[in-house]
Amino acid sequence: PADLLDADFYSFQHLLTDAEQRALAEIRAFLDADVRPHADDLWERAESPRHLIPRIAELGLYANGFAETRRFENSAVFRGWVAMELSRADPSLATFIGVHSGLAMTSIAVGGSDEQKAEWLPPLAAGESVAAFGLTEPGHGSDTARGLETTAERRGDHWVLNGAKRWIGNGAFADLVVIWARDLADQQVKGFLVRTPAAGFTATKIERKQSLRGVENADIVLENVVVAEGDRLQRIDGFRDLAVVLRLTRADVAWQGLGVGVGAYEAALAYAKARTQFGKPIASFQLVQEKLAVALSNITASIALSVRVSQMQDEGLQADHHSAMAKAFVSARMRETVALCREICGGNGIQLGGQSQVGIPAGYGVARYFADAEAVFTFEGTYDMNSLIVGRAITGHSAFV
Ligand code: FAD
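All values reported here derive from a predicted model rather than from experimental measurement.

Topic: the overall build of the protein chain
Reasoning step 1: Helices and strands together make up the secondary structure of the protein chain, namely 11 helices and 9 strands.
Reasoning step 2: For the protein chain, the C-alpha radius of gyration of 21 Å lies close to 21 Å, the compact-globule estimate for 401 residues.
Reasoning step 3: In terms of principal-axis extent, the alpha carbons of the protein chain reach across some 80 × 45 × 40 Å.
Reasoning step 4: Evaluated residue by residue, the protein chain yields a buried proportion of 48% over its 401 residues.
Reasoning step 5: By sequence separation, contacts in the protein chain at least 24 residues apart represent 75% of the contacts at least 6 residues apart.

Shown next, in the form of C-alpha coordinates:
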(Lines give C-alpha, C1' and ligand atoms only; values in the text may rest on other atoms or scores of the structure.)
Protein backbone atom coordinates (compact mmCIF):
# COMPACT_ATOMS: atom_id res chain seq x y z
CA PRO A 1 0.00 0.00 0.00
CA ALA A 2 1.10 3.54 -0.76
CA ASP A 3 0.97 4.63 2.87
CA LEU A 4 3.48 2.03 4.07
CA LEU A 5 6.06 3.64 6.28
CA ASP A 6 9.36 4.46 4.51
CA ALA A 7 11.23 3.83 7.75
CA ASP A 8 9.94 0.23 7.61
CA PHE A 9 12.94 -0.62 5.42
CA TYR A 10 12.42 -4.39 5.45
CA SER A 11 8.61 -4.21 5.04
CA PHE A 12 7.68 -5.81 8.36
CA GLN A 13 4.25 -4.25 7.99
CA HIS A 14 3.35 -6.97 5.50
CA LEU A 15 2.99 -9.24 8.55
CA LEU A 16 -0.23 -7.42 9.45
CA THR A 17 -3.58 -8.67 8.18
CA ASP A 18 -5.68 -6.60 5.77
CA ALA A 19 -8.04 -5.66 8.62
CA GLU A 20 -5.09 -4.57 10.76
CA GLN A 21 -3.63 -2.50 7.90
CA ARG A 22 -6.98 -0.79 7.36
CA ALA A 23 -7.27 0.01 11.06
CA LEU A 24 -3.72 1.36 11.02
CA ALA A 25 -4.48 3.61 8.04
CA GLU A 26 -7.45 5.04 9.94
CA ILE A 27 -5.29 5.66 13.01
CA ARG A 28 -2.61 7.37 10.88
CA ALA A 29 -5.22 9.66 9.34
CA PHE A 30 -6.35 10.65 12.86
CA LEU A 31 -2.76 11.30 13.95
CA ASP A 32 -1.98 13.40 10.87
CA ALA A 33 -5.15 15.48 11.19
CA ASP A 34 -5.69 15.85 14.92
CA VAL A 35 -2.42 15.11 16.71
CA ARG A 36 0.73 16.16 14.80
CA PRO A 37 -0.34 19.77 14.16
CA HIS A 38 -0.87 20.40 17.89
CA ALA A 39 1.72 18.14 19.55
CA ASP A 40 4.44 20.76 20.01
CA ASP A 41 1.99 23.29 21.48
CA LEU A 42 0.55 20.79 23.97
CA TRP A 43 4.09 19.77 24.89
CA GLU A 44 5.05 23.36 25.54
CA ARG A 45 1.93 23.97 27.64
CA ALA A 46 2.48 20.62 29.46
CA GLU A 47 -1.10 19.50 28.81
CA SER A 48 -2.51 16.08 28.02
CA PRO A 49 -4.86 15.98 25.01
CA ARG A 50 -7.97 15.14 27.05
CA HIS A 51 -10.20 16.55 24.33
CA LEU A 52 -9.12 13.63 22.11
CA ILE A 53 -10.43 10.92 24.46
CA PRO A 54 -13.74 10.34 22.59
CA ARG A 55 -11.91 9.89 19.27
CA ILE A 56 -9.23 7.70 20.91
CA ALA A 57 -12.00 5.48 22.24
CA GLU A 58 -13.87 5.46 18.94
CA LEU A 59 -10.74 4.22 17.14
CA GLY A 60 -10.45 1.34 19.63
CA LEU A 61 -7.09 2.56 20.92
CA TYR A 62 -8.02 1.71 24.51
CA ALA A 63 -9.97 -1.43 23.62
CA ASN A 64 -7.84 -3.41 21.18
CA GLY A 65 -5.82 -5.38 23.72
CA PHE A 66 -8.67 -7.08 25.54
CA ALA A 67 -10.95 -9.94 24.49
CA GLU A 68 -13.80 -8.25 26.40
CA THR A 69 -13.62 -4.96 24.48
CA ARG A 70 -11.73 -5.29 21.20
CA ARG A 71 -13.50 -4.39 17.96
CA PHE A 72 -11.86 -7.12 15.90
CA GLU A 73 -9.46 -10.02 16.30
CA ASN A 74 -5.96 -8.50 16.30
CA SER A 75 -2.40 -9.53 17.04
CA ALA A 76 0.13 -8.25 19.55
CA VAL A 77 2.25 -7.14 16.56
CA PHE A 78 -0.64 -4.94 15.39
CA ARG A 79 -1.06 -3.41 18.84
CA GLY A 80 2.68 -2.82 19.02
CA TRP A 81 2.59 -1.16 15.64
CA VAL A 82 -0.21 1.10 16.86
CA ALA A 83 1.90 2.09 19.90
CA MET A 84 4.75 2.87 17.49
CA GLU A 85 2.50 5.04 15.30
CA LEU A 86 1.18 6.95 18.32
CA SER A 87 4.69 7.60 19.55
CA ARG A 88 5.93 8.50 16.06
CA ALA A 89 3.34 11.30 16.04
CA ASP A 90 3.53 12.21 19.73
CA PRO A 91 5.34 10.17 22.43
CA SER A 92 3.27 11.94 25.12
CA LEU A 93 0.03 10.76 23.51
CA ALA A 94 1.42 7.22 23.31
CA THR A 95 2.18 7.38 27.06
CA PHE A 96 -1.21 8.92 27.89
CA ILE A 97 -2.89 5.95 26.18
CA GLY A 98 -0.26 3.46 27.37
CA VAL A 99 -0.86 4.30 31.04
CA HIS A 100 -4.66 4.11 30.75
CA SER A 101 -4.92 1.05 28.55
CA GLY A 102 -1.52 -0.65 28.78
CA LEU A 103 -0.87 -0.34 32.51
CA ALA A 104 -4.22 0.25 34.23
CA MET A 105 -6.59 -1.80 32.05
CA THR A 106 -4.03 -4.63 31.75
CA SER A 107 -3.81 -4.70 35.56
CA ILE A 108 -7.56 -5.27 35.67
CA ALA A 109 -7.51 -7.78 32.80
CA VAL A 110 -4.69 -9.78 34.42
CA GLY A 111 -5.57 -9.31 38.08
CA GLY A 112 -9.31 -8.65 38.20
CA SER A 113 -12.14 -11.10 38.87
CA ASP A 114 -14.73 -11.64 36.12
CA GLU A 115 -16.99 -9.15 37.91
CA GLN A 116 -14.24 -6.53 38.12
CA LYS A 117 -13.41 -6.97 34.44
CA ALA A 118 -17.07 -6.63 33.48
CA GLU A 119 -17.47 -3.52 35.62
CA TRP A 120 -14.35 -1.68 34.47
CA LEU A 121 -13.06 -2.75 31.07
CA PRO A 122 -16.03 -1.61 28.91
CA PRO A 123 -16.30 1.92 30.36
CA LEU A 124 -12.52 2.36 30.33
CA ALA A 125 -12.41 1.18 26.71
CA ALA A 126 -15.16 3.70 25.90
CA GLY A 127 -13.14 6.50 27.48
CA GLU A 128 -15.87 7.23 30.05
CA SER A 129 -13.22 7.32 32.80
CA VAL A 130 -9.47 7.95 32.80
CA ALA A 131 -7.25 5.44 34.60
CA ALA A 132 -3.78 5.59 36.14
CA PHE A 133 -1.30 3.09 37.55
CA GLY A 134 0.39 3.83 40.86
CA LEU A 135 3.44 1.71 41.57
CA THR A 136 6.49 4.01 41.86
CA GLU A 137 7.06 5.79 45.18
CA PRO A 138 9.22 8.76 46.21
CA GLY A 139 11.75 6.37 47.75
CA HIS A 140 11.33 3.37 45.44
CA GLY A 141 11.56 3.17 41.64
CA SER A 142 13.75 0.31 40.46
CA ASP A 143 13.37 -1.59 43.73
CA THR A 144 9.58 -1.50 44.15
CA ALA A 145 9.45 -5.32 44.28
CA ARG A 146 11.31 -5.40 47.59
CA GLY A 147 11.02 -1.82 48.80
CA LEU A 148 7.36 -0.85 48.29
CA GLU A 149 6.32 1.08 51.42
CA THR A 150 2.67 1.93 50.76
CA THR A 151 0.63 -0.21 53.13
CA ALA A 152 -2.78 -1.87 53.01
CA GLU A 153 -4.44 -2.95 56.21
CA ARG A 154 -7.51 -5.15 56.13
CA ARG A 155 -10.33 -4.08 58.44
CA GLY A 156 -13.38 -6.30 57.97
CA ASP A 157 -14.81 -5.88 54.49
CA HIS A 158 -12.55 -3.00 53.54
CA TRP A 159 -8.89 -1.95 53.40
CA VAL A 160 -7.08 1.17 54.59
CA LEU A 161 -4.25 2.46 52.37
CA ASN A 162 -1.40 4.71 53.53
CA GLY A 163 1.66 5.91 51.64
CA ALA A 164 2.86 8.00 48.72
CA LYS A 165 3.31 7.51 44.97
CA ARG A 166 5.43 9.46 42.50
CA TRP A 167 5.46 9.99 38.73
CA ILE A 168 1.97 8.60 38.23
CA GLY A 169 0.98 9.26 34.61
CA ASN A 170 -2.57 10.68 34.21
CA GLY A 171 -2.60 10.72 38.01
CA ALA A 172 -3.48 14.40 38.23
CA PHE A 173 -6.97 13.89 36.77
CA ALA A 174 -7.65 10.12 36.69
CA ASP A 175 -11.03 8.83 37.92
CA LEU A 176 -9.54 5.45 38.75
CA VAL A 177 -6.03 4.80 40.09
CA VAL A 178 -4.68 1.27 40.46
CA ILE A 179 -2.65 1.53 43.66
CA TRP A 180 -0.07 -1.12 44.52
CA ALA A 181 0.40 -1.57 48.27
CA ARG A 182 1.91 -4.07 50.70
CA ASP A 183 -0.52 -6.05 52.82
CA LEU A 184 0.53 -5.48 56.44
CA ALA A 185 -0.61 -9.00 57.36
CA ASP A 186 1.23 -11.18 54.81
CA GLN A 187 3.69 -8.56 53.41
CA GLN A 188 2.57 -9.38 49.84
CA VAL A 189 2.01 -6.65 47.22
CA LYS A 190 -1.66 -6.28 46.27
CA GLY A 191 -3.55 -4.09 43.81
CA PHE A 192 -6.42 -1.76 44.74
CA LEU A 193 -8.87 0.12 42.53
CA VAL A 194 -9.07 3.58 44.08
CA ARG A 195 -12.03 5.59 42.78
CA THR A 196 -11.31 9.29 42.93
CA PRO A 197 -12.07 11.67 44.48
CA ALA A 198 -11.62 9.71 47.70
CA ALA A 199 -11.22 10.92 51.27
CA GLY A 200 -7.49 11.04 52.14
CA PHE A 201 -6.39 10.85 48.46
CA THR A 202 -4.52 13.84 47.02
CA ALA A 203 -2.83 14.10 43.62
CA THR A 204 -0.56 17.03 42.73
CA LYS A 205 0.64 17.59 39.18
CA ILE A 206 4.43 17.41 38.80
CA GLU A 207 5.58 20.64 37.17
CA ARG A 208 8.69 21.66 35.20
CA LYS A 209 9.26 18.31 33.48
CA GLN A 210 11.54 18.47 30.43
CA SER A 211 10.52 15.15 28.88
CA LEU A 212 7.07 13.84 27.87
CA ARG A 213 5.62 17.18 28.90
CA GLY A 214 2.29 16.20 27.36
CA VAL A 215 1.84 13.56 30.08
CA GLU A 216 0.45 14.94 33.32
CA ASN A 217 2.27 13.02 36.07
CA ALA A 218 1.32 13.32 39.70
CA ASP A 219 2.65 12.95 43.19
CA ILE A 220 -0.03 11.09 45.13
CA VAL A 221 -0.52 10.93 48.89
CA LEU A 222 -2.74 8.29 50.51
CA GLU A 223 -3.84 8.99 54.07
CA ASN A 224 -6.19 6.37 55.45
CA VAL A 225 -7.87 5.90 52.08
CA VAL A 226 -10.66 3.35 52.47
CA VAL A 227 -11.13 0.78 49.68
CA ALA A 228 -13.77 -1.97 49.67
CA GLU A 229 -12.54 -5.58 49.52
CA GLY A 230 -14.55 -5.76 46.29
CA ASP A 231 -12.14 -3.21 44.81
CA ARG A 232 -9.03 -5.25 45.59
CA LEU A 233 -7.78 -6.98 42.44
CA GLN A 234 -8.85 -10.50 43.26
CA ARG A 235 -6.30 -12.42 41.19
CA ILE A 236 -3.21 -10.56 42.46
CA ASP A 237 -1.43 -12.43 45.26
CA GLY A 238 1.98 -10.80 45.16
CA PHE A 239 4.56 -8.94 43.07
CA ARG A 240 4.90 -12.02 40.85
CA ASP A 241 1.39 -11.36 39.48
CA LEU A 242 2.15 -7.67 38.98
CA ALA A 243 5.27 -8.73 37.03
CA VAL A 244 2.94 -10.36 34.46
CA VAL A 245 1.43 -6.92 33.79
CA LEU A 246 4.89 -5.37 33.45
CA ARG A 247 6.05 -8.11 31.10
CA LEU A 248 3.23 -7.24 28.71
CA THR A 249 3.56 -3.47 28.98
CA ARG A 250 7.37 -3.47 28.66
CA ALA A 251 7.08 -5.00 25.21
CA ASP A 252 4.68 -2.18 24.28
CA VAL A 253 7.17 0.38 25.57
CA ALA A 254 9.79 -1.12 23.25
CA TRP A 255 7.43 -0.29 20.37
CA GLN A 256 6.94 3.16 21.84
CA GLY A 257 10.70 3.75 21.91
CA LEU A 258 10.82 2.64 18.30
CA GLY A 259 8.21 5.28 17.44
CA VAL A 260 10.30 8.00 19.11
CA GLY A 261 13.23 7.04 16.90
CA VAL A 262 11.09 6.93 13.75
CA GLY A 263 9.61 10.37 14.47
CA ALA A 264 13.09 11.85 14.90
CA TYR A 265 14.44 10.08 11.82
CA GLU A 266 11.63 11.33 9.60
CA ALA A 267 12.10 14.90 10.83
CA ALA A 268 15.88 14.74 10.29
CA LEU A 269 15.56 13.21 6.82
CA ALA A 270 13.12 15.91 5.70
CA TYR A 271 15.39 18.56 7.17
CA ALA A 272 18.50 17.11 5.50
CA LYS A 273 16.81 17.27 2.11
CA ALA A 274 15.62 20.85 2.62
CA ARG A 275 18.66 22.42 4.26
CA THR A 276 21.44 23.69 2.00
CA GLN A 277 25.04 24.39 3.08
CA PHE A 278 28.10 24.90 0.88
CA GLY A 279 25.67 25.21 -2.03
CA LYS A 280 24.32 21.66 -1.66
CA PRO A 281 21.61 19.88 0.35
CA ILE A 282 23.22 18.59 3.55
CA ALA A 283 21.62 15.22 2.61
CA SER A 284 24.32 14.93 -0.08
CA PHE A 285 27.19 14.96 2.44
CA GLN A 286 28.73 11.61 3.36
CA LEU A 287 28.79 12.27 7.10
CA VAL A 288 25.08 13.16 7.11
CA GLN A 289 24.25 10.07 5.08
CA GLU A 290 26.15 7.88 7.53
CA LYS A 291 24.10 9.29 10.42
CA LEU A 292 20.88 8.63 8.54
CA ALA A 293 22.06 5.10 7.73
CA VAL A 294 22.84 4.40 11.41
CA ALA A 295 19.45 5.82 12.43
CA LEU A 296 17.58 3.66 9.93
CA SER A 297 19.63 0.58 10.86
CA ASN A 298 18.76 1.18 14.54
CA ILE A 299 15.10 1.47 13.60
CA THR A 300 15.20 -1.65 11.44
CA ALA A 301 16.86 -3.80 14.13
CA SER A 302 14.40 -2.43 16.68
CA ILE A 303 11.40 -3.30 14.53
CA ALA A 304 12.71 -6.87 14.13
CA LEU A 305 13.11 -7.33 17.89
CA SER A 306 9.75 -5.69 18.66
CA VAL A 307 7.91 -7.80 16.10
CA ARG A 308 9.40 -11.00 17.49
CA VAL A 309 8.70 -10.19 21.14
CA SER A 310 5.06 -9.49 20.24
CA GLN A 311 4.79 -12.69 18.20
CA MET A 312 6.12 -14.55 21.24
CA GLN A 313 3.34 -12.97 23.31
CA ASP A 314 0.69 -14.40 21.00
CA GLU A 315 2.52 -17.76 20.94
CA GLY A 316 2.56 -17.88 24.76
CA LEU A 317 6.38 -17.93 24.74
CA GLN A 318 7.14 -14.43 26.03
CA ALA A 319 9.10 -14.39 29.31
CA ASP A 320 10.17 -11.43 31.45
CA HIS A 321 13.68 -11.47 29.97
CA HIS A 322 12.33 -11.31 26.40
CA SER A 323 10.38 -8.12 27.16
CA ALA A 324 13.31 -6.73 29.13
CA MET A 325 15.75 -7.26 26.25
CA ALA A 326 13.38 -5.60 23.77
CA LYS A 327 12.81 -2.60 26.03
CA ALA A 328 16.52 -2.19 26.87
CA PHE A 329 17.84 -2.66 23.34
CA VAL A 330 15.24 -0.54 21.58
CA SER A 331 15.50 2.30 24.09
CA ALA A 332 19.30 2.37 23.81
CA ARG A 333 19.12 2.46 20.00
CA MET A 334 16.39 5.12 20.29
CA ARG A 335 18.64 7.30 22.40
CA GLU A 336 21.46 7.08 19.86
CA THR A 337 19.02 7.71 17.00
CA VAL A 338 17.44 10.86 18.44
CA ALA A 339 20.89 12.28 19.21
CA LEU A 340 22.10 11.70 15.63
CA CYS A 341 18.89 13.16 14.22
CA ARG A 342 19.10 16.21 16.43
CA GLU A 343 22.68 16.68 15.31
CA ILE A 344 21.63 16.58 11.63
CA CYS A 345 19.22 19.44 12.32
CA GLY A 346 21.97 21.67 13.70
CA GLY A 347 20.83 24.61 15.79
CA ASN A 348 17.29 24.18 14.52
CA GLY A 349 17.36 20.76 16.16
CA ILE A 350 16.94 22.23 19.61
CA GLN A 351 13.73 24.09 18.79
CA LEU A 352 10.17 22.79 18.78
CA GLY A 353 8.64 22.76 15.30
CA GLY A 354 5.99 25.06 13.95
CA GLN A 355 7.93 28.27 13.48
CA SER A 356 9.47 29.19 10.13
CA GLN A 357 13.11 30.12 10.14
CA VAL A 358 14.88 31.80 7.25
CA GLY A 359 15.31 29.30 4.41
CA ILE A 360 13.85 26.38 6.34
CA PRO A 361 10.32 25.05 6.05
CA ALA A 362 8.31 25.07 9.28
CA GLY A 363 7.61 21.93 11.26
CA TYR A 364 10.91 20.04 11.33
CA GLY A 365 11.00 20.00 15.10
CA VAL A 366 13.14 17.13 16.28
CA ALA A 367 13.68 18.56 19.76
CA ARG A 368 10.51 17.01 21.22
CA TYR A 369 11.63 13.48 20.31
CA PHE A 370 15.11 14.20 21.65
CA ALA A 371 13.71 15.27 25.01
CA ASP A 372 10.97 12.61 25.20
CA ALA A 373 13.48 9.82 24.63
CA GLU A 374 14.91 10.37 28.11
CA ALA A 375 11.71 9.44 29.95
CA VAL A 376 11.10 6.43 27.70
CA PHE A 377 14.67 5.29 28.44
CA THR A 378 13.90 5.38 32.16
CA PHE A 379 10.31 4.28 32.72
CA GLU A 380 8.91 0.72 32.73
CA GLY A 381 12.24 -0.37 34.13
CA THR A 382 15.36 1.67 33.42
CA TYR A 383 17.82 0.51 30.76
CA ASP A 384 20.00 -0.80 33.59
CA MET A 385 17.28 -2.81 35.31
CA ASN A 386 16.06 -4.38 32.09
CA SER A 387 19.65 -5.27 31.19
CA LEU A 388 20.04 -6.90 34.61
CA ILE A 389 16.86 -8.95 34.05
CA VAL A 390 18.50 -10.24 30.84
CA GLY A 391 21.76 -10.77 32.74
CA ARG A 392 19.93 -12.86 35.34
CA ALA A 393 18.46 -15.04 32.59
CA ILE A 394 21.89 -15.50 30.99
CA THR A 395 23.87 -16.27 34.14
CA GLY A 396 21.38 -17.56 36.68
CA HIS A 397 22.62 -14.89 39.13
CA SER A 398 20.50 -11.89 40.08
CA ALA A 399 22.63 -8.76 40.31
CA PHE A 400 19.86 -6.77 42.00
CA VAL A 401 18.21 -8.91 44.65
P1 FAD B 1 15.91 4.86 40.50
O2 FAD B 1 15.33 3.50 40.70
O3 FAD B 1 16.22 5.68 41.69
O4 FAD B 1 17.22 4.70 39.60
C5 FAD B 1 18.20 5.75 39.47
C6 FAD B 1 19.38 5.17 38.68
O7 FAD B 1 19.99 4.08 39.41
C8 FAD B 1 18.95 4.59 37.32
O9 FAD B 1 19.92 4.86 36.36
C10 FAD B 1 18.89 3.08 37.60
O11 FAD B 1 19.08 2.29 36.42
C12 FAD B 1 20.04 2.94 38.58
N13 FAD B 1 19.90 1.73 39.42
C14 FAD B 1 18.98 1.48 40.40
N15 FAD B 1 19.16 0.28 40.92
C16 FAD B 1 20.21 -0.28 40.26
C17 FAD B 1 20.89 -1.53 40.36
N18 FAD B 1 20.52 -2.49 41.23
N19 FAD B 1 21.94 -1.74 39.53
C20 FAD B 1 22.31 -0.80 38.62
N21 FAD B 1 21.71 0.40 38.48
C22 FAD B 1 20.68 0.64 39.30
N23 FAD B 1 5.58 4.94 37.62
C24 FAD B 1 4.34 4.45 37.88
O25 FAD B 1 4.13 3.69 38.82
N26 FAD B 1 3.27 4.81 37.11
C27 FAD B 1 3.40 5.64 36.05
O28 FAD B 1 2.40 5.93 35.37
C29 FAD B 1 4.69 6.17 35.75
N30 FAD B 1 4.84 7.04 34.71
C31 FAD B 1 6.05 7.66 34.53
C32 FAD B 1 6.17 8.66 33.57
C33 FAD B 1 7.36 9.38 33.44
C34 FAD B 1 7.45 10.49 32.47
C35 FAD B 1 8.48 9.01 34.23
C36 FAD B 1 9.79 9.75 34.13
C37 FAD B 1 8.38 7.99 35.15
C38 FAD B 1 7.17 7.30 35.32
N39 FAD B 1 7.03 6.32 36.31
C40 FAD B 1 5.77 5.80 36.57
C41 FAD B 1 8.14 5.97 37.17
C42 FAD B 1 9.21 5.10 36.49
O43 FAD B 1 8.73 3.80 36.31
C44 FAD B 1 10.49 5.20 37.31
O45 FAD B 1 11.03 6.48 37.09
C46 FAD B 1 11.51 4.12 36.97
O47 FAD B 1 11.05 2.85 37.36
C48 FAD B 1 12.88 4.38 37.62
O49 FAD B 1 12.73 4.63 38.97
P50 FAD B 1 13.41 5.94 39.64
O51 FAD B 1 13.07 7.10 38.78
O52 FAD B 1 13.01 5.96 41.05
O53 FAD B 1 14.97 5.70 39.49
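Here we look at the site of the ligand
Reasoning step 1: Lining the immediate surroundings of the ligand are 20 residues, of which Gly141, Ser142, Gly169, Thr382 and Asp384 lie closest.
Reasoning step 2: When contributions to the shell around the ligand are tallied by element, the ones reaching two or more residues are strand S1 (131-134), strand S3 (158-169), helix H10 (367-378) and helix H11 (383-395).
Reasoning step 3: With 3 residues, the single largest contributor to the shell around the ligand is S3.

Brief notes about the nonpolar core
Reasoning step 1: The biggest cluster of nonpolar side chains holds 117 residues, and the ones touching the most others in it are Ala104, Ala264, Ala268, Cys341 and Val366.
Reasoning step 2: By residue number, the principal contributor to this core is helix H7 (residues 239-274), which donates 18 residues.
Reasoning step 3: Here Ala268 is in contact with Leu292, Ala295, Cys341, Ile344, Cys345 and Val366, once residues within four sequence places are set aside.

Overview of helix H3 (residues 76-89)
Reasoning step 1: Over its 14 residues, H3 runs 20 Å from end to end, which matches the ideal 20 Å to within 8%, given 1.5 Å per residue.
Reasoning step 2: Of all the 14 residues making up H3, 14 are buried; the element is thus mostly covered by neighbouring parts of the structure.

Points about the UniProt feature "domain: Acyl-CoA oxidase/dehydrogenase middle" (unreviewed entry) in the protein chain
Reasoning step 1: The UniProt entry lists residues 132-225 under the feature "domain: Acyl-CoA oxidase/dehydrogenase middle" (unreviewed entry), expressed in the numbering used here.
Reasoning step 2: Helix makes up 4% of residues 132-225 and strand 52%. Its end C-alpha atoms lie 16 Å apart.

A word on the pairing of strand S5 (residues 189-195)
Side-chain direction in a regular strand flips from residue to residue, so the side chains alternate between the two faces of the sheet.
Reasoning step 1: Within S5, 6 of the 7 residues are buried, which leaves it mostly tucked inside the rest of the structure.
Reasoning step 2: Two elements, strand S4 (residues 176-183) and S5, share 7 bridges in a ladder whose sense is antiparallel. Each bridged residue has a counterpart across the sheet, and for Val178 the counterpart in S5 is Leu193.
Reasoning step 3: Between the end of S4 and the start of S5, which pair antiparallel, lie 5 residues, with Gln187 showing a positive phi angle near 65°.

Some remarks on the environment of Ala274
Reasoning step 1: Residue position: Ala274 is located in helix H7.
Reasoning step 2: Given 14 C-beta atoms within a 10 Å radius, Ala274 is considered partly exposed.
Reasoning step 3: Residues Ala274 and Thr17 lie 257 residues apart in sequence; the distance between their C-alpha atoms is 36 Å.

Considerations on the packing of H7 against helix H8 (residues 286-315)
Reasoning step 1: The N-to-C vectors of H7 and H8 enclose an angle of 155°; their axes lie 9 Å apart at closest approach. In terms of orientation, H7 lies roughly antiparallel with respect to H8. Relative to H8, H7 is oriented so that their crossing is left-handed. Along its contact with H7, which presents Leu248, Ala251, Ala254, Trp255, Leu258, Gly261, Val262, Tyr265, Ala268, Leu269 and Ala272, the element H8 presents Val288, Leu292, Ala295, Leu296, Asn298, Ile299, Ser302, Ile303, Ser306, Val309, Ser310 and Gln313.
Reasoning step 2: Residue composition of the contact of H7 with H8, by class: 17 nonpolar, 6 polar and no charged.

Re the environment of Ile168
Reasoning step 1: With respect to the element layout, Ile168 can be found in strand S3.
Reasoning step 2: Note on Ile168: 26 C-beta atoms within 10 Å, which makes it buried.
Reasoning step 3: Taking the C-alpha atoms as reference points, Ile168 and Thr106, separated by 62 residues in sequence, lie 16 Å from one another.
Reasoning step 4: Residues in contact with Ile168, not counting those within four places in the same chain, are Ala132, Gly134, Val177, Asn217, Ala218 and Ile220.

Each value, and the rule that gives it
- Residues numbered from 1 in each chain as written.
- Predicted model: local features only at pLDDT ≥ 70, side-chain atom pairs only at ≥ 80, totals over all residues.
- Helix = DSSP H or I, 4+ residues; strand = E, 2+ residues; numbered from the N terminus.
- Rg over C-alpha atoms; globule rule 2.2 N^0.38 Å.
- Buried ≥ 20, exposed ≤ 12 C-beta atoms within 10 Å, placed from the backbone.
- Contact = placed C-beta atoms within 7 Å.
- Near = placed C-beta within 6 Å.
- Core = buried A, V, L, I, M, F, W, Y, C linked by C-beta atoms within 7 Å.
- Expected span 1.5 Å × (residues − 1).
- UniProt positions renumbered as here; feature names shortened; annotations may be inferred.
- Pairing = 2+ DSSP bridges.
- Axes fitted to C-alpha atoms, helices over the stretch in contact; angles between N-to-C directions.
- Parallel < 35°, antiparallel > 145°, perpendicular 65-115°, else oblique.
- Left-handed = near helix turned anticlockwise from the far one by under 90°.
- Nonpolar A, V, L, I, M, F, W, Y, C, P; charged D, E, K, R; others polar.

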